[in-house]
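So the chains spell out like this:
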Amino acid sequence: MLFHELILSVMKFLNFERTVSSPYHLIKGKKSGQTIQDVGYYRLHPFFSVLPKLEKPVYDQAVNELYTKGYLLENEEYIHLTEKALQWKPPSYNLDGWKYRGNEQIFFKRLSLIIQTLSHVHQREKTFDPVQNSEEIQLWTRSYLQRIDFRQAEVYARFKHEVELSLAKLPIGDQQKLILTLRLSGFGVSGLTWEQISSLTDLNPMDAQLQMVETLHIWMDSLNAIEQPLLVGLLADLVQVSSLTDSAQRTLKLFSQGYSLQQIAELRKLQTSTIEDHFVELAMNDPHFNYLPFVGEELLKSIQTISSSQGTKRLRDIKIKVPDASYFQIRLSLAMKGDSQ
Amino acid sequence: MNLQELLYSSYGYTSFRPGQEEIIEQVLKGRDVIALLPTGMGKSMCYQLPARLLKGSVLIVSPLLSLMQDQVAQLKKMGEKSVVAINSFATPQEKAEIWRSLHNFRFIFVSPEMLMQPFVKKQLQNLDISLVVADEAHCISQWGFDFRPDYLRIAEILPLLGNPQILALTATATAKVTEEIKSYLEIDEPFLYVHPMDRENIVYDRKKFEDPRDKIRWLLDFVGKYQGPGIIYAGTRKKSEELSSLLREQGISSSHYHGGMEHQDRIFVQQQFQNGELEWVCSTNAFGMGVHISNIRHVIHFHLPTSVEGYVQEVGRAGRDGEPALATLLHSPGDEGLMASMVLDDLPTRHEIEEVYRQGDAQDQLVSNGIVRETAYRVLSYWRTRLPMEGTIAQINMLQQQKMIQIEKMNRLVTTEGCIRKFIIECFDQELFDLPENCCLNHGIIYQEFHLRTQSASSTLKQSWQERLNALMPR
C-alpha cells in the first residue's frame, strides 16, 4: 500500500463525516477520545497509528495531490470525495495498526541492534557504535542476547536461518522485503536512509516507510514459538493484550469497583468528558457493556434508528432529531451499534 | 603504579596525548583545573583516568544532549560499564532504576536543566562525589557564541555537593571566557592548561566568487578532482540537500545530513561515512558531533559560518590523523550580509522581552504559540528571574555589541590578506611563532599534498534481500 492509497482508503470510510485532517490523527495514532471512537465507529483498526512520526506538512502535501489529481473536492467542513475516488478500489493490505500501535518500531530496533551485534561478534570485531542509542533498547537487547547465548556459532546460524525462512514465507513482494533489510546494518555494512532507499526503489520515502510498517506487521503476525523460537522472543511486551488504552483500563477498574462516572472523574482528577470518552471506548470494545446506567433502552434505540435511517454518524445531525439525548448518550449509542451493524 | 602504567592497563594506550598527563596529575593532586584542549585531543581521558583513583563518583555536567549521548556511548565503547546519563529522555521506569542504583555508578552524566530539579538535587546530595566536570565550559559565557543560560546554574549546586573539586573542560575559549569560567564556578586558583589552538596540518584556503553560481561550478570541479573524505558545510538544510544531489549526479557518493532528518537516518549517514561508503557529507552545522573519523581530508564551507569559534570547531574535524587536510572557505557578494543577519537574528527582540516580562509565570505558552522564539526564550527566562526589564534590555544591548564584534571577526577572516592561521590563533588570544610550510592562502598553498581522485564513480549495486542478509550476516 502506498501513502496516498492509505489516506484515500481512510477517507472512503469518513466521506462527508469528518474533516480532511482527521485521517492524519488516525494514521498518527492520536490517543484522543474522538480518534479512538472513530476507529470503532468506522472500523479503521488497520490504519490506526501506522505512521506515528508523520508530520503535518507531509500529510498536507499528500492531500493537496489528492485535490489536484481529482480525488477530492474543496470543502471547508468535511471530506468530500469525487466520483473518481468512490470508484477507486483500495489495494489489499496487511496493516494491523490497532494491534501493534507503533510497537513494530520497537521490534525492529531490537532486531537491528541484535543483527548488528551478531554481525560484529561473528566477524571477531569487539567494538562498534550501536545503531540504536536508546538505553531501553540497549538494555533489553543485552539481556536477550545473553539469554540466547549469542556467542555460539550455532545460535548465530539459527538466528539467521529463522530470519531468512520466515521472511521468505511472507506473501509480499521481494522489493518490500529488501526495504526491510536495507534498514539493517552490520560489520562494514551500513543501513540506508529513506532517501537512498527511495532512489534505489523508485518509491517515495513515505511509501517506502509505509511498506516497511506493513512488512513488520505481517511478519510479526507470522512468528510463532515452534518455527521461530528465537525471533518470537523479540515480540515480548509489544503486542497489546487488551485493546483498551491504559487510561480507559483504569477507569474500567474503578467502575467495576462500584464508582460512578462523576466519582471516577474526581478520584482521577480528570475532566468528566475524558471519563465519558473512556466509557465510549469500553462500549466499543465490549459487546456485553452495560449501558443502562448511562442511557435508557428506548433512547438508545431511537438514536441508533436515526443514525441508520439518515445514514450518518454526525453527532450534531442526530442531536437535532433527538434533542433529549446528551452528546455523551449519542456517542455511547453509536459505539454500541459498532460491530453489530 | 604510575599514570602511564595505569593508562596502559586500563585502556591499552602506551602514551598520553599532549596535555592529558599534566591535567590528570593536577586533578589527582586535588586542584581545580581549567583545561583548553582542542576537540579530538582526548578530553574525556582527563576525568576517565582519575575516576579510577578517586574515592567517589565523577559528575559530568554536559550542556548538549547529543554530546552527552555520544560521550556515554564512547565511554561504554572503551569498556566502562559504570556509566549513567540522567536526562529527560529516560522513561519513568529507567529513571526509577537509575535513582535506585545511582551510588553504584562511577560516571554520572547530567544536563544542566536536570541539575536544577529539586528531586535530582536531593538524589545527588546523598552521593559521594569526588569531582565535578563542567564539560563545554565555554557555554557559561554569556558573551560566547554558544551561551546556555542553564549552565550558569552549575554554581548553585556546588555547595550542596560539599564544594567538590572542579574540572572545567572546553575546546574553545578566549582569555575573557576563561576568566568568566573562573568567576562563575568560583575557582580561585585553578591550574590552567592551555593547549596551543593551532592545528598545523590544517591548511586554510579561501575562494572568492563574483557570481554565486560560480561557487557550485567550482565545488563540482573540486570534488571531481580531489579525493575525499570530506564535509561540505552549508548554511541551510535545503542547500545541503541540493549540493548533495548535485554531487550524486556527478557520480560522486554523497549524502546530506541535517537536524530535520529522522534520527535513524542520521545514524545511517554517520555509519556510511565511517565505513567509507560515502565520500562526501553535505550538511548543516548539525554534523560533526559523534563523528569519529580520523582521515577527513577536506572541510568546505559553502556559506560563511556565524563565528570564528564555530569555524574552528568545524574545520577541526579534518585531519585528526595528522595528515594534511584542507579547509576551504567559499564566499560571494552578499554572504556577509546573510551571515550578519543570522547572527543578530538569535537576539531577543524588544517585543519578545516585553512579552516574557508581561506574561510572568505563564511563559511556556509564549514559545508554543510562536510569540517568542525558543532561542530567545532560553536567554530571557534566565534574566527574568534576576533582573528588572530595563536591566535585561541593557544586557541584550550589550549582547548585541558582542555579536557585532563576532560579525566583524568573521568579516576579517574573509578579507584578511595576512596569514589566516595567525588571524585565527589571535582570535583566541594565543600567539603563533612557527608557521608550517603548507600554511594558508596568503602564504601559498602546496596543493600537491592533497591526493587527486582515484576512486571511480560509485555505482549502487542492485541486491536481492537474500544477498543483503548474507552481507549482514555472512557464514
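Think of each chain on its own: its residues are numbered from 1, step by step along the sequence as written. Chain letters start at A and ligand numbers start at 1, both assigned in the order the entries are written. Per-residue local features of the predicted model are confined to residues with pLDDT of at least 70, and side-chain atom pairs are confined, for both listing and counting, to 80 or more; whole-chain, interface and lining totals are unaffected and use all residues.

### What to know about the nonpolar core
Formally: For this analysis, nonpolar core means a set of buried Ala, Val, Leu, Ile, Met, Phe, Trp, Tyr and Cys residues linked through C-beta atoms within 7 Å. Burial is judged by counting other C-beta atoms within 10 Å of a residue's own C-beta: 20 or more means buried, 12 or fewer means exposed, and anything between counts as partly exposed, with every C-beta placed from the backbone. Once C-beta atoms have been placed from the backbone, residue pairs whose C-beta atoms lie within 7 Å are recorded as contacts.
Counting 116 residues, the largest nonpolar core has A:Ile7, A:Val10, A:Ile27, A:Phe47, B:Ile232, B:Val281 and B:Ala327 as the members making the most contacts within it. Excluding anything up to four places from it in sequence, A:Phe47 contacts A:Leu6, A:Val10, A:Leu26, A:Ile27, A:Leu95 and A:Gly97.

### Considerations on the sheet that holds strand β1 (residues 33–36) of chain B
Across a sheet, paired strands are connected by hydrogen bonds in the backbone, their directions being either parallel or antiparallel. All names here are of chain B. For clarity, the threshold we go by: Being paired, for any two strands, means DSSP has found at least two bridges between them. Secondary structure elements are defined from DSSP: runs of H or I of at least 4 residues count as helices, runs of E of at least 2 residues count as strands, and each element is numbered from the N terminus. For helices, the axis comes from a line fit to the C-alpha atoms of the stretch in contact; other axes are also lines fit to C-alpha atoms, and the angle between any two N-to-C directions lies between 0 and 180 degrees.
What the 7 strands build is an open sheet, ordered β3-β4-β2-β5-β6-β1-β7; its pairing is parallel. Each edge of the open sheet carries a strand with a single partner, namely β3 (83–86) and β7 (191–194). Averaged over all pairs of adjacent strands, the angle between their axes in this sheet comes to 15 degrees, without regard to strand direction. As judged from the 4 bridges shared by β1 and β7, these two strands associate in the parallel manner. Looking across to β7, one finds that Val 33 is bridged to Phe 191.

### A short note on the environment of B:Leu59
All names here are of chain B. Among the secondary structure elements, Leu 59 is positioned in strand β2 (residues 57–61). Under the C-beta neighbour-count criterion, Leu 59 is labelled buried, with 25 such atoms within 10 Å. In sequence terms Leu 59 and Asp 128 are 69 residues apart; their C-alpha atoms lie 10.0 Å from each other. Sequence-distant contacts of Leu 59, defined by excluding residues within four places in its chain, comprise Ile 108, Val 110, Ile 129, Val 132 and Val 133.

### What about the pairing of strand β6 (residues 165–170) of chain B?
Residue and element names in this part refer to chain B. The buried fraction of β6 amounts to 5 of the 6 residues, a majority that puts the element mostly inside the structure. By the bridge criterion, 4 bridges tie β1 to β6 in an arrangement that is parallel. Within β6, the residue paired with Val 33 across the bridge is Leu 167. Taken together, the 4 bridges between strand β5 (residues 129–134) and β6 define a ladder with parallel strand orientation. Pairing of Leu 131 across the sheet is with Gln 165, part of β6.

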